[in-house]
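Architecture at a glance
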Amino acid sequence: MQQDYNSSNIEQKWQQKWNESKVFEAEADDRDKYFITIPYPYLNGNLHAGHTRTFTIGDVVARYKRMMGNNVLYPMGFHVTGTPIVGLAELIQNRDPETMKVYTEFHGIPVETLKGMDTPEKIVDYFSVEAERSMRSIGYSIDWRRKFTTTDPNYKKFIEWQFNLLYEKDLIVKGSHPVKWCPNDDNPVEDHDILHGEEATIIDYTLVKFKYDGMIIPCATLRPETVFGVTNLWINPDLEHVKIKVTFEGREEVWVVSKEAYRKLIFTDREVEFIEDVDASSLIGIKVTNPLNDAQVITLPASFVKGENGSGIVMSVPSHAPYDYLALRDLYDKDLREYGITEDLRELKFISLIKVKEFGEFPAIEAVEQFGVKDQDDPKAEEATKIVYRREFHGGVLKENTGKYSGMAVSKIKDVLTRDLIEMGIGEVFYEFSEPVVCRCGTPCVVNMVKGQWFLNYSNPEWKDKVYRCIENMDIIPEDLRVEFNNKVDWLKDKACARKKGLGTLLPFDNQWLIESLGDSTIYMSYYIIAKFIAMGIETEQLVPELFDHVLLKKCSLETAAERSGIDANIIEQISSDFEYWYPVDLRSSGKDLIPNHLLFFLFHHVAIFDEDKWPRAIAINGFVSLEGKKMSKSKGPLLTLNDAITNYGADISRMYILSSAEQMQDADWKNSGIETARKQIERFYNFSKDIIGSGIPTCNVENLKGIDKWMLSRLQQRILETNEALDTIRTRNALQNAYFLLFNDIRWYQKRGGNALLCEVLDVWIRLMAPFTPHICEEIWEAIGHTDNDLISLADYPQYDESLVDTQAEFTEELIGGTLSDVDEIIRVTKLTPKKAILYTSPEWKMETFKKALSMQKEGNLNPGILIKDLMRDPEMRSHGKEVPKFAQKVVSDITAMNEEKFDTLSNFDLDEKIALEENLEFFKNELGCSVEIYSADNAEYDPENKARFAYPLRPAIYLE
């Protein structure tokens, strides 16, 4: 080994050896397979630290499974379809100052190189090379033979086949589609065109048509079921309102809306004609008719209503909406005679329509009282609203006063009721942004309806039922996200699958349209298997539908596939055999931002196309990564590219840092201070290994182990067990904590206690435990301890838990010694005393018996202080200690129930003669404390000048220092 750790030399050395040995190029064989995929990156910029987390988690799992004996396939491709790359090319062509600055400063692209990247094709060529280089340089164990980009002609044939299949199944339909639109430019806008609101989504509201004097007063709502509970409408007297004629699907109506709503309606698929302005005051105090139940409801003034939200007129449901209740309550003592309102608003009868177990009749009122909300302006009003809506959505059912909808779950009602309202002519769908969207030209954007659009029919109930079944039968990691996946399926609507601009595959049954970028990224995992064979010489024109039908679905004969494609039948059979071996996907690991879109579409398309035995088996989700507390952005910055991270810190250091920074769904924050700590840990690992290898310590004879050696072996089993269990559930932070940090602490204690006979054996296990996390340094150490190039640690056996090496007696002894030494050190630190003598008093027998009995009861699951005390007091010896027993028993119960699982597991079979254990290690205490040490049992303390023995506790001797 080199004298000093040099990450660059070591990492380049092993990446070259992996590449030359083709160790990660997976071929079907007789082993159990493991097929793991992560979302391929989008190539409108260099990979950054955010990618590092998802991709590294995937690589850790791939490496772990490979070392566990599985045949692992971990492939990668590149996503380039859609509009962002086209938009980036246009910005580069126009020398957009912000774009040029971001891509030169953050992405590190030389100015002249960037100027040359003025077409989408050049951008794809540049970033595909850079992305592969980045992933190779951090050591991902990817089978690169299977790479492709989503604009490859061969891949387009695969997408055409998929969409023809969905079309034949009536899962693609034609209709109108809402898009983000700039009225000034008279064009649709994509993310690269947007100044503010690039993350805004288009939400479908239900317009409920209240009636008044031959006119329609429409109100937009996300919860149409609450129309049964409307007591009034809210109208802002300070807003401009208009009367308009609206023609839609052959029906002509007169509507009254805010002027802002009128401007938005012009861009919908309705014919809209201005009639006249309307004085808002004339609309307040009137009685309008609820179209669903013909109830008469009053209109009331409200300054909080905004003209740009919905129709500019809001329906009020004070029994279930805290803001409505608060607004109404604020009007109780107001003089409203200027609007012709003289009635006492306290007489308005609230209507309860949702039954939810956490609340009574009026959830909004209860939540307001529970949170102590003062008025509409109180920030706690938002908290009260969220809790009511969340509980009603997840657990609420509609009451009898909702008629035929009684008993339906709130989570299921929106689509059903909206459809019924539309059929009755008293409701429509109205699209809004989730947040304001502003074009780069400075114009507020609107939602425009594009007619003749193609949709994936995700609202199809039979299709959804299959997805629910898939989710039910697969692993979702972490498990508590299963509910969210099901909820997202509930809410998913038909989605436009084609557009007119961008990169991609033409819709095979309508060549005027391009397939939308998320639509072509759903079952590409199956293409990885075929891609290897295509790269071996199959031509684009040979990729006929019959080939995919045979290989992926077995719905076409081998003879027909060979005849139509012109591919040798033996090759087709080999492709088919590979597909049968590798599919389905065993794990799809991804970031949480993809749950409501890509991951849902991934499930929908798999259940639509493949038989159930080919449906995905597991999905694992992780959180985001920020940079020094700020969100990273490829197009705006700030940004830490993967290349920069590796150049500045090294691959293994970057891997270790990002894996140790957060667990699963937690968001991670990349901080320079944190990665410097990771650097020190890696260097410490390297230097420790170098010292052990250079020390010449012989392999020990396991027949002659000392107590501390037995403890080290026992602790090692716990670390192995915890690491394996964490990796099996994709808790990579927990796994790394055990495989490195906690094990290193164990080793340091082992050495402090004079242990060294097992250091070589421990190192052998340690580097194998660490290999999935920091593979380069582990390969280097593995080679240094005597393994050859043909014996890579990447293919070594992963350590497995050996229960026969667990020694609870040794663990109890070290728990006692370590805890006692720590307590003495703490007393010395606090008192600033330099002791001449230390006296230790071990726990008396009655306390020891109490402790053991309590541990036993906890193990059986029935630890209760009352039962424990009653049981103890049956013993005459216990009764002789009077009031001490109940008090001590209470403390023991408290201590045991507060223990973490690992500590309890260690102590659950506790049995140790503490006095003998301490006496056997008397020399260690003398050396550590630098003074004489005496040991007594509290049952027979010959010398106890300050009555300290009474404080003795199991595994925590009482201490007296002179």
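Residues numbered from 1 in each chain as written. Predicted model: local features only at pLDDT ≥ 70, side-chain atom pairs only at ≥ 80, totals over all residues. Heavy atoms only, no water.

With that out of the way, let us pick up the sheet that holds strand β2 (residues 71-73). Read from one edge to the other, the open sheet built from 5 strands follows the order β2-β1-β24-β25-β20, with strand pairing classed as parallel. Two strands lie at the open edges of the sheet, namely β2 and β20 (475-477), each paired on one side alone. On average, adjacent strands in this sheet sit at an angle of 20° to one another, irrespective of strand direction. Judged from the 3 bridges that link them, strand β1 (residues 33-37) and β2 form a sheet pairing that is parallel. Among the inter-strand pairings, K33 is bridged to a residue of β2, identified as N71. Contacting β1, β2 and β24 (587-591), helix α15 (residues 524-534) crosses the sheet at an angle of about 120° to β1. (Pairing = 2+ DSSP bridges. Helix = DSSP H or I, 4+ residues; strand = E, 2+ residues; numbered from the N terminus. Axes fitted to C-alpha atoms, helices over the stretch in contact; angles between N-to-C directions. Contact = heavy atoms within 4.5 Å.)

Moving on, we get to the UniProt feature "short sequence motif: 'HIGH' region" in the chain. If you check UniProt for "short sequence motif: 'HIGH' region", the listed places come out as residues 41-51 in our numbering. Secondary structure across residues 41-51 comprises 27% helix and 0% strand; the distance between its end C-alpha atoms is 8 Å. (UniProt positions renumbered as here; feature names shortened; annotations may be inferred.)

In this approach the atoms are scanned with a rolling probe the size of a water molecule, which exposes any empty space left behind. Taken as a whole, the second largest pocket holds about 1,600 Å³ of empty space. The wall of the second largest pocket is formed by 46 residues, among which Y205, E308, N309, G310 and E432 lie closest to the centre. Going through the elements one at a time, β7 (215-221), α8 (259-265), β14 (313-316), α9 (322-331), α11 (380-395), β17 (427-433) and β19 (446-456) are the ones with two or more residues in the lining of the second largest pocket. With 4 residues, β17 is the largest single contributor of residues to the lining of the second largest pocket. A class-by-class count of the residues in the lining of the second largest pocket yields 25 nonpolar, 11 polar and 10 charged. (1 Å grid on protein atoms, 1.4 Å probe; cavity = no way out; pocket = protein on both sides within 12 Å on 5 of 7 lines; lining within 4 Å. Points joined across faces, edges and corners; volume = space filled by probe spheres on them. Nonpolar A, V, L, I, M, F, W, Y, C, P; charged D, E, K, R; others polar.)

Moving on: the pattern of salt bridges. Tallying each qualifying case throughout the model produces 68 salt bridges. Among the ionic pairs, K174 bridges to D510, the shortest N-O distance being 3.8 Å. On the criterion of sequence distance, the pair formed by K174 in strand β3 (residues 172-182) and D510 in the loop between β22 (498-499) and β23 (514-515) is long-range, its members being 336 residues apart. The closest approach of N and O atoms between E676 and R679, which form a salt bridge, is 3.1 Å. With E676 and R679 both in helix α22 (residues 672-695) and 3 residues apart, the pair spans about one turn of that helix. (Salt bridge = Lys/Arg side-chain N within 4 Å of Asp/Glu carboxyl O.)

Further remarks concern the domain arrangement of the chain. For the chain, the assigned domains read domain 1 (7-167 + 517-631), domain 2 (203-351 + 415-433) and domain 3 (819-961). Between domain 2 and domain 3, the C-alpha centre-to-centre distance is 72 Å. (Domains from an automatic or database assignment.)

Next up on the list: the packing of aromatic side chains. Using the criterion set out here, one finds 54 aromatic pairs in the structure. Ring geometry for Y524 and Y528: centres 5.8 Å apart, planes at 75°, overall edge-to-face. On the criterion of helical spacing, the pair formed by Y524 and Y528 is a turn pair, its members being 4 residues apart in helix α15. Residue classification places Y524 among the buried positions, given a relative accessible area of 1%. Look at Y528 and you get buried, because its relative accessible area is 0%. Measuring from ring centre to ring centre gives 4.8 Å for Y581 and W582, while their planes differ by 85°; the resulting arrangement is edge-to-face. Of the residues examined, Y581 reaches a relative accessible area of 17% and is grouped as buried. Taken together, the aromatic side chains of Y40, F148, Y155, F158, W161, Y524, Y527, Y528 and F548 make up a single cluster linked through ring pairs. Lying across the ring of F248, R270 places its NZ or CZ 5.1 Å from the centre. Between R588 and the ring centre of F602, over which it is positioned, the NZ or CZ distance is 5.6 Å. (Phe/Tyr/Trp six-rings, centres within 6.5 Å; stacked < 30°, edge-to-face > 60°. Buried < 20%, exposed > 50% of the residue type's maximum accessible area, 1.4 Å probe, protein only. Lys NZ or Arg CZ within 6 Å of the ring centre and 35° of its normal.)

It is worth spelling out the packing of helix α27 (residues 808-831) against helix α34 (residues 922-929) at this point. Closest axis-to-axis distance for the α27/α34 pair is 12 Å, and the angle between their directions is 25°. It follows that α27 is roughly parallel to α34 by the angle criterion. The interaxial crossing formed by α27 with α34 has right-handed handedness. For the pair formed by α27 and α34, the contact residues are I817, T820, L821, V824 and D825 on the first element and F924, F925, E928 and L929 on the second. (Parallel < 35°, antiparallel > 145°, perpendicular 65-115°, else oblique. Left-handed = near helix turned anticlockwise from the far one by under 90°.)

Below, the discussion takes up helix α23 (residues 707-728). Turn by turn, an α-helix covers 3.6 residues, leaving residues three or four places apart pointing in a common direction. The terminal C-alpha atoms of α23 lie 32 Å apart, and with 22 residues this matches the ideal 32 Å at 1.5 Å per residue to within 8%. Counting buried positions along α23 gives 17 out of 22 residues, so the element sits mostly inside the fold. (Expected span 1.5 Å × (residues − 1).)

As enumerated under the stated definition, the model contains 0 disulfides in all. With no disulfide partner, C445 has as its closest neighbouring cysteine sulfur the one in C439, 5.2 Å distant. (Disulfide = S-S within 2.5 Å.)

Of note, I530 is situated in helix α15. Under the relative-accessibility criterion, I530 is labelled buried at 4%. Between the alpha carbons of I530 and C445 there is a distance of 43 Å; along the sequence they are 85 residues apart.

A rise of 1.5 Å per residue sets the reference length of helix α28 (residues 845-860), with its 16 residues, at 22 Å; its end C-alpha atoms lie 23 Å apart and thus fit the reference within 8%. Here α28 has its buried residues at W846, K847, M848, T850, F851, A854, L855 and M857. For α28, the elements touching its buried residues are α29 (865-872), α30 (876-879), α31 (884-897), α32 (901-907) and α33 (914-920).

Moving on, we come to the sheet that holds strand β21 (residues 495-496). Strand pairing within a sheet occurs via backbone hydrogen bonds; the two strands may be parallel or antiparallel. Taken together, the 4 strands give an open sheet; going across it, the order is β4-β3-β19-β21, and neighbouring strands pair in antiparallel fashion. Whereas interior strands pair on both sides, the edge strands pair on one side only; in this sheet they are β4 (187-188) and β21. Sheet analysis places β19 next to β21, joined by 2 bridges and oriented antiparallel. Paired with L456 across the bridge in β21 is K495.

Further remarks concern unusual backbone geometry. In this model, I477 is joined to P478 through a cis peptide bond whose omega is 0°. Structurally, the position occupied by P478 is in the loop between β20 and α14 (482-491). The step from Y583 to P584 runs through a cis peptide bond, and the omega angle for that step is 15°. Note that P584 resides in the loop between α18 (569-582) and β24. Within the chain, D170 stands out as a residue other than glycine whose phi angle is a positive 60°. Topologically, D170 is positioned in the loop between α7 (153-168) and β3. Positive phi, normally seen in glycine, also occurs at N947, with a value near 55°.

Most often, soluble globular proteins keep nonpolar side chains buried together rather than apart. Core analysis: the biggest nonpolar cluster contains 231 residues, and M135, F485, L552, W670, W766 and F773 have the highest contact counts within it. No fewer than three residues from each of domain 1 (7-167 + 517-631) and domain 3 (819-961) sit in this core. Counting 58 residues, the second-largest nonpolar core is a separate cluster that includes V230, V256, L336 and A384. (Core = buried A, V, L, I, M, F, W, Y, C linked by side-chain atoms within 4.5 Å.)

Moving on: empty space enclosed by the protein. Counting across every chain of the model gives 2 cavities of 30 Å³ or more. Its volume calculated, the largest cavity comes out at about 50 Å³. In terms of lining residues, the largest cavity is bounded by I57, I477, S589, A620, I621, N622, Q664, I730 and T732. The greatest single-element share of the lining of the largest cavity, amounting to 3 residues, is contributed by strand β25 (residues 618-622). Split by residue class, the lining of the largest cavity holds 5 nonpolar, 4 polar and no charged. Here the second largest cavity is characterised by a volume of approximately 40 Å³. Looking at the second largest cavity, the residues that line it are L207, P218, W255, V257, A261, L265, G310, S311 and F430. Within the residue set of the lining of the second largest cavity, elements represented by two or more residues are β10 (251-258) and α8. Each residue belonging to the lining of the second largest cavity can be placed in one class, and the counts come to 7 nonpolar, 2 polar and no charged.

Structurally, N738 can be placed in helix α24 (residues 732-752). Classification of N738 as buried rests on a relative accessible area of 3%. Sequence-distant contacts of N738, defined by excluding residues within four places in its chain, comprise R719, E722, T723 and L743.

Distance from Y528 to T560, taken between C-alpha atoms, is 23 Å for residues 32 residues apart in sequence. With sequence-adjacent residues up to four places away left out, Y528 is seen in contact with F35, T37, Y40, P75, M76, G77, R146 and F148. A polar contact is formed between the side chain of Y528 and the backbone nitrogen of G77, at a distance of 3.0 Å. (Polar contact = N/O pair within 3.5 Å; in protein donor to acceptor, adjacent residues only side chain to side chain.)

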